[in-house]
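The chain contents come next:
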Amino acid sequence: MYGTPVLASDLGGAPELVQPGRTGDLFRGGDAQELTEHIKELWEDPELCRTYSENCRYINFDTAEEYCAKIVRNVYR
């Protein structure tokens, strides 16, 4: 929403907020080497970082009510 690309662990709720290869990337939780590689990639490729940043500006996040409804639907499947 603020145009900030994200590198997030594949653990917890963060994967739901990142579109890998579009708004940032995911790394295996606890894998410092993979995180380091992603950081290096963004650092060395300003165009990729700009692309991720631009893509972030067009994400429509769910409202709290929509998000809770999704969770409830998934729990009671």
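The rules behind each value
Residues numbered from 1 in each chain as written. Predicted model: local features only at pLDDT ≥ 70, side-chain atom pairs only at ≥ 80, totals over all residues. Heavy atoms only, no water. Helix = DSSP H or I, 4+ residues; strand = E, 2+ residues; numbered from the N terminus. Contact = heavy atoms within 4.5 Å. Areas by Shrake-Rupley, 256 points an atom, 1.4 Å probe, with all protein chains shown as cover. Lys, Arg positive; Asp, Glu negative; His and termini not counted. Charge placed at Lys NZ, Arg CZ, Asp CG, Glu CD. Buried < 20%, exposed > 50% of the residue type's maximum accessible area, 1.4 Å probe, protein only. pLDDT = per-residue confidence, 0-100.

Asker: Could you clarify how one ought to interpret the overall build of the protein chain in this entry?
Answerer: Across its full length, the protein chain carries 3 helices and 2 strands. If you line up the protein chain on its principal axes, its C-alpha atoms span 45 × 30 × 15 Å. Residue pairs in contact within the protein chain that sit at least 24 positions apart in sequence constitute 42% of those at least 6 positions apart. As presented, the protein chain carries roughly 5800 Å² of accessible surface, and 56% of it is formed by carbon and sulfur atoms. Considering the protein chain, the positive charge centre built from 8 side chains and the negative charge centre built from 14 side chains are found 5 Å apart.

Asker: Would you take a moment to explain the environment of Arg-22 for this structure?
Answerer: On the secondary structure map, Arg-22 appears in the loop between β1 (6–9) and β2 (24–27). Using a relative accessible area of 35% as the deciding quantity, one classes Arg-22 as partly exposed. Each C-alpha atom, one on Arg-22 and one on Tyr-52, is 5.6 Å from the other, the two residues being 30 residues apart in sequence. If near-sequence neighbours (up to four positions away) are discounted, Arg-22 is found in contact with Thr-51, Tyr-52 and Asn-55.

Asker: So what exactly am I meant to see when it comes to the confidence of the model for the protein chain here?
Answerer: Segments scoring low in pLDDT should not have their predicted coordinates read at a detailed level. Per-residue pLDDT for the protein chain has a mean of 89; in total, 97% of the residues score no lower than 70. Across the protein chain, element-level confidence peaks in helix α1 (residues 32–44) with a mean pLDDT of 96 and bottoms out in helix α3 (residues 64–75) with 82.

Asker: Sorry if this is basic, but what is going on with the environment of Glu-37 here?
Answerer: Tracing the sequence through the fold places Glu-37 in helix α1. Glu-37 sits in the partly exposed class, given a relative accessible area of 47%.

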